[in-house]
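Remarks on the overall topology
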Amino acid sequence: MSYQTYQKRTAALAFAAALAGSAVLTAAPAAQADVVDVNYQCKTPIGDKSAVSPIDIKGVRSGSSYKLTMSWQRGVSSSPVELGKGAMTPSAVIKVGGADSGTVAVSGAANAAAIPANTPIKISDLSGTYTPRKSGKVTFTAGVLTIKALGTTTTCTPSNSPGPSLTLDVTASGGSGSSTSGSSASGSSGSGSSGTGSGGTLPQTGPEDSVIALGTLGGTVLLAGAAGVLWLTRRHQAVRR
């Protein structure tokens, strides 16, 4: 085999190793998020009401936990009288499924502006903390919404068995348990049980861990390919001598 042919083959091996590393990196899984229509049936002080709102849940990793943020894209329920600024306070629960189980309590700030009478109530973003107890793919689904205003309580329950708005591939920090404490964005705390074990990330968490692990694997593939090329080059040089 000529030296030029050998050089071409070693270059091809290096290129193949680079492609293998890139393939591993691009195969890294990501969190799956979907905007899901939730049909809320609300029990209000003046009777039953219903409304459909698209719900979005996002997760961001923070240490060994995830900050979950639940967003409503359309108002639900309404009030027969105007609700002044700060008169309405919302809270909700997010159901945890898949590899883990339980609920996460989320809450948010009171309404920043007055809400006119007989107008759909726009819910502000609600946040809470989820701590994984088990590793694997964990789902997050909209649960019961509670609205407190002017000394009254309205409870809205999903009636259409909505699917998960978020799926994360999470890694538990270790240990087992049946519940976690979730702190809301507004500073109040709520308890959210997360089952006997493990969660994810906002998975940006589980997914980030996967990216790091796969990135390491991709780097190993690249180094292995380079080492193979170097060994073949040195072997060829030794044969020529």
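Just so it is clear, the structure is predicted and the values come from calculations on it, not from any experiment.

1. Some thoughts on the overall build of the chain
- In terms of helices and strands, the chain carries two helices and 12 strands.
- For the chain, the α and β elements follow one another from N to C terminus as α-β-β-β-β-β-β-β-β-β-β-β-β-α.
- Only carbon and sulfur atoms are counted for the fraction: they give 56% of the accessible area of the chain, which is about 12100 Å².

2. Description of the side chain of S71
- Take S71: it is sitting in strand β4 (residues 65-72).
- Judged by relative accessible area, S71 falls into the buried class, the value being 14%.
- Of the polar contacts made by the side chain of S71, one reaches the side chain of D125; its length is 3.0 Å.
- Each residue touching S71, except ones within four places of it in the same chain, is listed here: P54, I55, D56 and D125.

3. Re the layout of surface pockets
- Its volume calculated, the largest pocket comes out at about 210 Å³.
- In this structure, the largest pocket is lined by 16 residues; those nearest its centre are P45, S79, P80, T152 and T154.
- Counting residues per element, the ones that place at least two in the lining of the largest pocket are β8 (136-149) and β9 (152-158).
- Per-element accounting of the lining of the largest pocket gives the leading share, three residues, to β8.
- Its residues assigned to classes, the lining of the largest pocket comprises nine nonpolar, six polar and one charged.

4. Topic: the environment of T146
- Secondary-structure assignment places T146 in strand β8.
- Considering only alpha carbons, one finds T146 and C42, 104 residues apart in sequence, at a separation of 9.1 Å.
- Beyond its immediate sequence surroundings of up to four residues, T146 is in contact with T89, P90, S91, T153 and T154.

Cut-offs used in this document
Each chain carries its own residue numbering, running from 1 in the written order of its sequence. Under the rules for a predicted model, residues below a pLDDT of 70 receive no local features and side-chain atom pairs below 80 are neither given nor counted, while totals for whole chains, interfaces and linings still include all residues. Only hydrogens and water are set aside when side-chain values are computed; all heavy atoms of the structure are taken into account. Here a strand is any run of E in DSSP of at least two residues, a helix any run of H or I of at least four, and the numbering for each starts at the N terminus. With residues, only the protein chains shown are counted as cover, and all accessible areas are computed by Shrake-Rupley using a 1.4 Å probe. Partly exposed describes any residue whose relative accessible area lies between the buried limit of under 20% and the exposed limit of over 50%, with all areas from a 1.4 Å probe on protein chains only and scaled to the type maximum. Pairs of N or O atoms are called polar contacts if they sit within 3.5 Å, as long as, within protein, a hydrogen donor faces a hydrogen acceptor (for residues adjacent in sequence, only side-chain-to-side-chain pairs). Throughout, a contact is declared for two residues whenever any of their heavy atoms are within 4.5 Å. Cavity and pocket criteria rest on a 1 Å grid covering protein atoms alone: a 1.4 Å probe that fits but cannot get out defines a cavity, protein on both sides within 12 Å along at least 5 of 7 lines defines an open pocket, and an atom within 4 Å of a point defines a lining residue. Grid points are joined across faces, edges and corners, and a volume is the space filled by probe spheres set on the points. Think of it as three bins: nonpolar holds Ala, Val, Leu, Ile, Met, Phe, Trp, Tyr, Cys and Pro, charged holds Asp, Glu, Lys and Arg, and polar takes everything else, Gly as well.

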